[in-house]
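As a plain string of letters, each chain reads:
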Amino acid sequence: MLNIVLFGPPGAGKGTQSDSLISKYNLVHLSTGDIFRFNIKGATELGLMAKSFIDKGELVPDSVTIKMLQTEVLKNSDANGFIFDGFPRTNAQADALDGFLSQMNTSISVMLSLDVNEEELKNRLLKRAEVSGRADDADESIIKNRIAVYNAETAPVKDFYAAQNKLISIDGHGSITDITNRLFKAIDSL
Ligand code: ADP
């Protein structure tokens, strides 16, 4: 299996780049943000709970997120591989992911980390807000909190994969196609 963690701060382009990767490598795309938003739209119990955190720019608690992700992985156990987008966002999530992938006799192949500077991130999120209708993109103080949470809780997940020799950093500036080509090159070099 080819199992990719696509990593980066909010607005780095994970969702956009996932589209190209899933079709080229025939992977199942699991975006925790998308799954939460689907549940919010359907007003499920999970959605209502997640919304209270997402609207503040906080992380949804690990226990909830891990259980939800594991369910999705198990549903797709015959997949060619996965692209994890927006997960893991804490070291506890990374640890849990290693645990349940090893139960399936597989593991993470690589973490591809998109590097984008903060000014560019803010601009992209505010621009996305104009079309996405996402409340967490429209408010500058919420964006600021999401970036702060990323720096405090999520950025350390890079060290988790670096310690396993699985981290590849990718320059996330430039055109969508340029970045896609950098990702393809990194994957093809594995
Ligand atoms: P972005 O990467 O643009 O911030 P996402 O769509 O990945 O957006 O996530 C939106 C929100 O959903 C996050 O700000 C967070 O509140 C919640 N969320 C998504 N993934 C996770 C996760 N793995 N753990 C905890 N919360 C998460």
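A. Region of the structure containing the site of the ligand. Every one of the 20 residues lining the ligand counts as a neighbour, but Thr 32, Arg 37, Glu 58, Gly 86 and Arg 146 are closest to it. In the environment of the ligand, a nitrogen atom lies 3.0 Å from a nitrogen or oxygen atom belonging to the backbone of Val 60. The element best represented in the shell around the ligand is helix H2 (residues 32–41), accounting for 4 residues.

B. How the structure looks around the side chain of Thr 65. Structurally, Thr 65 can be placed in helix H4 (residues 62–75). Beyond its immediate chain neighbours, meaning those up to four positions away, Thr 65 contacts Thr 32, Phe 36, Val 60, Phe 87 and Gln 93.

C. Just the pairing of strand S3 (residues 81–85), in detail. For S3, a buried count of 5 out of 5 residues is recorded, marking the element as mostly surrounded by other parts of the structure. Going residue by residue along S3, you find Gly 81, Ile 83 and Asp 85 tucked away on one face and Phe 82 and Phe 84 tucked away on the opposite face as well. Inspection of the sheet shows strand S1 (residues 2–7) paired to S3 by 5 bridges, in the parallel sense. Along S3, the bridge assignment pairs Asn 3 with Phe 82. Inspection of the sheet shows strand S2 (residues 28–31) paired to S3 by 4 bridges, in the parallel sense. Within S3, the residue paired with Leu 30 across the bridge is Phe 84.

D. Expanded view of the sheet that holds S3. Strand order in the open sheet formed by 5 strands is S2-S3-S1-S4-S5, with parallel pairing between adjacent strands. Edge strands, defined here as strands with exactly one partner in the open sheet, are S2 and strand S5 (167–171). If you compare each strand with its neighbour and ignore which way they point, the axes differ by 20° on average. The pairing of S1 with strand S4 (residues 110–115) spans 4 bridges and is classified as parallel. Looking at the pairing, Val 5 lines up with Met 111 of S4.

E. Local environment of the packing of helix H1 (residues 14–25) against helix H10 (residues 176–188). The contact between H1 and H10 brings their axes to 10 Å, and the two run at 45°. The angle between the axes of H1 and H10 places the two elements in the oblique class. As for how H1 packs across H10, the hand of that crossing is right-handed. In this structure, H1 uses Thr 16, Gln 17, Ser 20, Leu 21, Lys 24 and Tyr 25 to contact H10, whose residues at the interface are Ile 176, Ile 179, Thr 180, Leu 183, Phe 184, Ile 187 and Asp 188. Looking at the contact of H1 with H10, its residues break down into 7 nonpolar, 4 polar and 2 charged.

F. How the structure looks around the environment of Gly 81. Mapped onto the secondary structure, Gly 81 falls in strand S3. Given a relative accessible area of 0%, Gly 81 falls into the buried group. Separated by 80 residues in sequence, Gly 81 and Met 1 have C-alpha atoms that sit 4.7 Å apart. Aside from chain neighbours lying at most four places away, what touches Gly 81 is Met 1, Leu 2, Asn 3, Leu 27 and Val 28.

G. Highlighting the packing of H2 against helix H3 (residues 45–54). Two elements in contact, H2 and H3, have axes whose closest approach is 7 Å; the angle formed by their N-to-C orientations is 115°. Crossing of H2 over H3 shows left-handed handedness. Mapping the contact onto sequence places Phe 36, Asn 39 and Ile 40 in H2 and Leu 46, Gly 47, Ala 50, Lys 51 and Ile 54 in H3. For the contact of H2 with H3, the per-class residue count stands at 5 nonpolar, 2 polar and 1 charged.

H. Representation of helix H6 (residues 118–132). Along its 15 residues, H6 runs 20 Å from first to last C-alpha, staying within 8% of the 21 Å computed at 1.5 Å per residue. Restricting attention to buried positions, one finds in H6 the residues Leu 121, Leu 125 and Ala 129. Down the axis of H6, the buried side of the element spans an arc of 80°, and every buried residue falls inside it. Exposed and oriented more than 90 degrees from the buried face of H6 are Glu 119, Lys 127, Glu 130 and Val 131. Contact partners of the buried residues in H6: helix H7 (135–138) and helix H8 (140–154). Measuring from the backbone nitrogen of Glu 119 back to the side-chain oxygen at the start of H6 gives 3.3 Å, which picks out Asn 117 as the cap.

Conventions we followed
- In this numbering scheme, every chain counts its residues from 1 along its sequence in written order.
- Per-residue local features are limited, in this predicted model, to residues with pLDDT of at least 70; the limit for side-chain atom pairs, both in listing and counting, is 80 or more; totals at the level of whole chains, interfaces and linings are taken over all residues.
- Note: side-chain values were computed over all heavy atoms of the structure, leaving out hydrogens and water.
- One heavy atom within 4 Å of a molecule or strand is enough for the residue carrying it to be called near that molecule or strand.
- In protein, a polar contact requires one atom able to donate a hydrogen and another able to accept it; more generally it is a pair of N or O atoms within 3.5 Å, and residues adjacent in sequence count only if both atoms are side-chain atoms.
- Each helix is a run of DSSP H or I of at least 4 residues and each strand a run of E of at least 2, with the numbering of both proceeding from the N terminus.
- In what follows, a contact means two residues having at least one pair of non-hydrogen atoms within 4.5 Å.
- Classification of residues uses two cut-offs on accessible area relative to the type maximum, computed with a 1.4 Å probe and protein chains only: under 20% is buried, over 50% is exposed, and between them is partly exposed.
- Pairing between two strands requires that DSSP report at least two bridges joining them.
- Each axis is a line fitted through C-alpha atoms, and for a helix only the stretch in contact is used; angles between axes span 0 to 180 degrees, taken between their N-to-C directions.
- The cut-offs work like this: below 35 degrees is roughly parallel, past 145 is roughly antiparallel, 65 to 115 is roughly perpendicular, and the gaps in between are oblique.
- In a left-handed crossing the near helix is turned counterclockwise from the far helix by less than a right angle, and in a right-handed crossing that turn is clockwise.
- We call Asp, Glu, Lys and Arg charged. Ala, Val, Leu, Ile, Met, Phe, Trp, Tyr, Cys and Pro are nonpolar, and the rest, Gly among them, are polar.
- For a helix, the expected span equals 1.5 Å multiplied by the number of residues minus one.
- What the arc measures is the spread of directions leading from the helix axis to the C-beta atoms.

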